[in-house]
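# Architecture at a glance
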Amino acid sequence: MAKFSDDKLKKVDEIVARYPAGKQKSALLPLLHLAQDEFGGWLSVETMDYVAGLLKLEPIEVYEVATFYSMFNLKPVGRYVFEVCQTGPCMIKGCDEIIEYIKKKLGIGVGETTKDGLFTLKTAECLGACGYAPMMLLGKYFRENLTPERVDQIIDECRQKAALNN
Amino acid sequence: MGRLLLLEKANVPGIRGYEVYRREGGYRSVEKALKTMTPDQVTDEVKKSGLRGRGGAGFPTGLKWSFMAKPEGVPRYLVCNADESEPGTFKDRYLMEFLPHLLVEGLIVSSYALGSKATYVYIRGEYAWIPEILEQAIAEAKANGWLGKNILGTGFDCEIYVHTGAGAYICGEETALLESLEGKRGNPRIKPPFPAVKGVWDCPTVVNNVETLAAIVPIINNGGEDYAKIGIGKSTGTKLMSACGNINKPGVFEIDMTISVEEFIYSDEYCGGIANGKRLKACIPGGSSVPILPANLLLKTVKGETRLMNYESLGDGGFVKGSMMGSGGFIVLDEDQCVVKHTLTLARFYRHESCGQCSPCREGTGWMEKILRNIDTGKGKMSDIDLLWDIQRRIEGNTICPLGDAAAWPVAAAIRHFRDEFEWHVENPEECLVRNYGLANYADPLGVATA
């Protein structure tokens, strides 16, 4: 069963304390981020129920929120999630070609994960890097001014990191 | 180059850290406001400055502040809108990433004016590396006595907290943002009551954009009248523009709102001209929601006057022959771009981001996307163009929040100015798959556009 470490529970308390007493529901989005990072990059029903318990909410209050926001994954994803922006300014700068290139290179479609569980490809709507397009969100950081060569480097970098951690 | 008020120190090495920021004159406005001014005097100074909200609507900030209800014994809140999500806009990110202390300073002074003892920065979740930068700046400010209890011995207490969103454009709308801050789905509220009366946790709340709050610092330091001297008419002060698309120098620029659109696009100081020697086709000057303009209407108003980079001039001609300053997200399209396809990506964006509360927006955005996809892929009918027009008209003005309008306007403007391109797609279903329509006659008449 999913459970935060004592360290993370301290972080939970710290987050809840940012809001007025009795308004602990406000901590829901930050806590879902924390849970998603901690429990495999996605939110299972079990994880959401756990967060509901921490904040003394009904589980439905967590489900309805988790399903609303696009950053929460409700099914398992690969270790590295490529979220490629496809809105206007990125389209102008060739994001469609980048998405096609990633699909071919990894042999997956949008919304799919590679068999080795390393990569998931998602498309995203405007991520706020329009001047540095095309771009993707990978983990906590933006990867900008993408070219096929740059994509190759990023994929290699992820594979190397994964090999080191195994 | 005009005066820089926000980005003046952006290139000073180490300006992200407290020591350098302070050495460069940082936090003077906090000293001045807290020690020599009453909260109402701060608000008056902001009113005098003529500062207008930099998030997109352009509402006078001082006036917004003066609406804040002050019932006895009820906490009041300032919430900073850092949910920057309007396609084409990435200026707030720049401020937060490179000048975090400028925002913190502006937040402290504004919190003092509004009586907010707990101020929240609601930042979009995808800017995942920025909360740490802000939290570091907040911690440094606190360690140096600018935040916390009894600031500078004045009896004013204030804390600033960073709150992360999780991927929802709609949370940039202030009431949706407040819902989200309360840990709910980002469904906009019906107004009234306005947030200034009943905002977060039912308490009086003011929501301001990042750039707006950063601008409070020079306003207090130099006085509202000094700020109002910069710019033209009701476009006072400086504005951050984020420029993208087919230009040589995409990025964030601070302008004083007296320069022409032509200078902004072609001068090396700003966008540096159209990339690869191409010609200018069209531009969306203020973020994806505002009307797209073809080159001829962009550089000159319908009266033949030079169009300037400010609220009034960009809006000259209304929605038929003009556009809007909006959030300052400046998207440039060159002659090779397809307006139909570009409009399709925006329609898809709004369909994806509709919260689903109001049926005209929930259903209409999906219909517009489908019809535009048909036209873009050579499966459109001539009647689809009028159908699109009809749908956008029925969304506009019929929803709780402005997302419906924001979804309708780009479609309306694209059809209004580029109808021949839509018709060409319908008439040439195979050719439109292999080449773009290119530069139409409407973009030609200006010397500069073809130079």
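What counts and what doesn't
- Residues numbered from 1 in each chain as written.
- Chains lettered and ligands numbered in written order.
- Predicted model: local features only at pLDDT ≥ 70, side-chain atom pairs only at ≥ 80, totals over all residues.
- Heavy atoms only, no water.
- Helix = DSSP H or I, 4+ residues; strand = E, 2+ residues; numbered from the N terminus.
- Buried < 20%, exposed > 50% of the residue type's maximum accessible area, 1.4 Å probe, protein only.
- Polar contact = N/O pair within 3.5 Å; in protein donor to acceptor, adjacent residues only side chain to side chain.
- pLDDT = per-residue confidence, 0-100.
- Contact = heavy atoms within 4.5 Å.
- Pairing = 2+ DSSP bridges.
- Axes fitted to C-alpha atoms, helices over the stretch in contact; angles between N-to-C directions.

### Some words on the environment of Arg-16 of chain B
All names here are of chain B. Note that Arg-16 resides in the segment before α1 (18-23). Residue classification places Arg-16 among the partly exposed residues on the basis of a relative accessible area of 37%. Taking the C-alpha atoms as reference points, Arg-16 and Ala-243, 227 residues apart in sequence, are found 23 Å from one another. Separated by 2.7 Å, the side chain of Arg-16 and the backbone oxygen of Glu-97 make a polar contact.

### Thoughts on the confidence of the model for chain B
All names here are of chain B. Chain-level statistics for chain B give a pLDDT mean of 95 and a share of 97% at 70 or above. Per-residue pLDDT stays below 50 along residues 443-451; that stretch engages in 20 contacts with residues further than four places along the chain or on separate chains. For this predicted complex, the interface score ipTM comes out at 0.97, alongside a pTM of 0.96.

### With respect to the side chain of Thr-399 of chain B
Residues and elements named next belong to chain B. Assignment of secondary structure puts Thr-399 in the loop between α17 (382-395) and α18 (403-427). Of the polar contacts made by the side chain of Thr-399, one reaches the backbone oxygen of Cys-401; its length is 2.8 Å. Once residues lying within four places of it in the same chain are set aside, the contact partners of Thr-399 are Cys-358, Pro-360, Cys-361 and Gly-404.

### Details of the sheet that holds strand β1 (residues 80-85) of chain A
Residue and element names in this part refer to chain A. The strand order across the open sheet formed by 4 strands is β2-β1-β3-β4, and the pairing between neighbours is mixed. On the outer flanks of this sheet lie β2 (119-124) and β4 (141-143), each paired with one strand and no other. In this sheet, adjacent strand axes meet at a mean angle of 30° when their direction is disregarded. Strand direction decides the pairing type here: strand β3 (residues 136-138) and β4, joined by 3 bridges, are antiparallel. Paired with Leu-137 across the two strands is Phe-142, which belongs to β4. Those strands touched by helix α7 (residues 148-165) are β1, β2, β3 and β4, and its axis lies near 160° from that of β1.

### Some details on the environment of Val-302 of chain B
Residues and elements named next belong to chain B. If you trace the backbone, Val-302 turns up in the loop between α12 (295-299) and α13 (311-315). Taking the C-alpha atoms as reference, Val-302 lies 37 Å from Asn-222; in sequence the two are 80 residues apart. The contacts of Val-302, once residues within four sequence positions are left out, are Leu-297 and Lys-321.

### Comments concerning the sheet that holds strand β1 (residues 77-82) of chain B
All names here are of chain B. With respect to topology, 5 strands assemble into an open sheet ordered β3-β4-β2-β1-β5, the strand pairing being mixed. Taken across any chain shown, the strands that pair with only one partner, and hence form the sheet edges, are β3 (148-151) and β5 (205-209). Mean inter-strand twist for the sheet, computed between neighbouring axes without regard to direction, equals 25°. One ladder, built from 2 bridges, connects β3 with strand β4 (residues 156-164); its direction is antiparallel. Bridge pairing links Gly-148 to Cys-158 in β4.

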